[in-house]
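Spelled out from the first residue to the last, the chains are:
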Amino acid sequence: MTYKTILVETHKQVGLIRLNRPKVLNALNDTLLKELAGALEAFDADDAVGAIVITGNEKAFAAGADIKEMADASAVEMHKSDFIPSFDRIRGIKKPVIAAVSGWALGGGSELALSCDMIVASETAKFGQPEINIGVIPGAGGTQRLAKAVGKAIAMEMILNNRTLSADEGQTYGLVNRVVPVENYLNEALALAAEIATRAPLAIQFGKEAVNQAFETSLTEGLADERRAFNFLFATEDQKEGMAAFVEKRDPRWKGR
Ligand code: DAK
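Read on for a plain summary of the structure. Note that this is a predicted model, so its numbers are computed, not measured.

### Structural notes on the site of the ligand
Okay, so step 1: Close to the ligand lie 25 residues; Ala 63, Ala 65, Ile 67, Lys 68 and Gly 108 are nearest.
Okay, so step 2: Here an oxygen atom of the ligand and a side-chain polar atom of Lys 59 are 3.5 Å apart.
Okay, so step 3: For the ligand, an oxygen atom lies 2.8 Å from a polar atom in the backbone of Gly 108.
Okay, so step 4: Against a free-state accessible area of 1100 Å², the protein chains account for coverage of 66% of the ligand.
Okay, so step 5: Elements represented by at least two residues in the shell around the ligand include exactly helix 2 (67–70), helix 4 (83–91) and strand 6 (104–106).
Okay, so step 6: Of all the elements, helix 2 adds the most residues to the shell around the ligand, at 3 residues.

### Focus on helix 12 (residues 237–247)
Structurally, the α-helix is built with 3.6 residues per turn, so residues lying three or four positions apart point the same way.
Okay, so step 1: Considered for burial, the residues of helix 12 that qualify are Asp 238, Gln 239, Glu 241, Gly 242 and Ala 245. Angularly, the buried residues of helix 12 cover 165° about the axis, an arc narrow enough to put them on a single face.
Okay, so step 2: Looking at the buried residues of helix 12, the elements they touch are helix 10 (201–213) and helix 11 (219–233).
Okay, so step 3: Two residues or fewer after helix 12 comes Lys 249, characterised by a positive phi angle close to 55°.

### Some points on the nonpolar core
Okay, so step 1: By size, the foremost hydrophobic cluster in this structure holds 44 residues, and its most contacted members are Leu 19, Leu 36, Leu 40, Phe 61, Val 101, Phe 127 and Leu 175.
Okay, so step 2: Take this core: its biggest share by element is 7 residues, from helix 1 (residues 30–44).

Reading the values: the criteria
Residues numbered from 1 in each chain as written. Predicted model: local features only at pLDDT ≥ 70, side-chain atom pairs only at ≥ 80, totals over all residues. Heavy atoms only, no water. Near = heavy atom within 4 Å. Polar contact = N/O pair within 3.5 Å; in protein donor to acceptor, adjacent residues only side chain to side chain. Areas by Shrake-Rupley, 256 points an atom, 1.4 Å probe, with all protein chains shown as cover. Helix = DSSP H or I, 4+ residues; strand = E, 2+ residues; numbered from the N terminus. Buried < 20%, exposed > 50% of the residue type's maximum accessible area, 1.4 Å probe, protein only. Arc of directions from axis to C-beta. Contact = heavy atoms within 4.5 Å. Core = buried A, V, L, I, M, F, W, Y, C linked by side-chain atoms within 4.5 Å.

None of the figures reported here should be taken as evidence of function without further support.
As structure tokens, then:
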């Protein structure tokens, strides 16, 4: 498959997608988001891939939606655009997705990072929702996911007054998993993804789903869903193998069944 706006590679069990519109700091347009969603779905369907990394370049993860392309759009055109359906497809990916962020992650770029399961940031990463500067608000999940990730106080400042967070602040506030020097951020994200990719695939997918449920539902329903998923895993070969391997003091061999 050839793409116009992304580059796709595999590193053993890890799928890597690079956003590739460097002249506009990887500004997100419909084409890029559709290609990104398609590449993620292809990795999700590939049994040889256990985890996925999305990255940009050192200067920008993504500086938001392409302002030049949407400046003259009508409300109906925005409603009909593929922008949000692509975000919904990204949200539906079952395998773990890690954002490797360096430089700008602004607007839709920050929202894309927030849609991933974990964020590995370079020391130069900057997260922000500057939509207020152009007369709008975040529209791809920023008001909701950011408030849940960093809390109301910081989210309000970011959304109402364009406060940007450094990588270290992002880590302090729970947005970022790890902060690493710029020359290592991608390798660190790939290494984290590679480690996760060696683990029991079905348990990884149910674990991701269960944690995401915590942001969607009541505690009682979330606990019930977690218990059902836990019990279901006892129907898998991997649970039998994992527990047998523990008892026999050997490494497990996962089958994803
Ligand atoms: N869109 C288009 N082009 C962009 C861009 C963007 N978001 N960000 C940067 N560029 C372009 C610049 O125009 C410039 O192009 P040329 O002028 O050279 O042709 C090139 O990238 C380099 O940018 P700068 O020269 O500005 O670079 P600097 O280092 O000086 O500044 C910056 C970097 C990131 C601070 C600055 O570029 C900047 O402020 N960019 C805009 C950031 C921003 O406001 N992002 C939020 C966009 S709004 C939707 C839901 C949600 C959304 C859309 C739809 N639906 C429900 C349908 C999302 C909206 C957003 O994300």
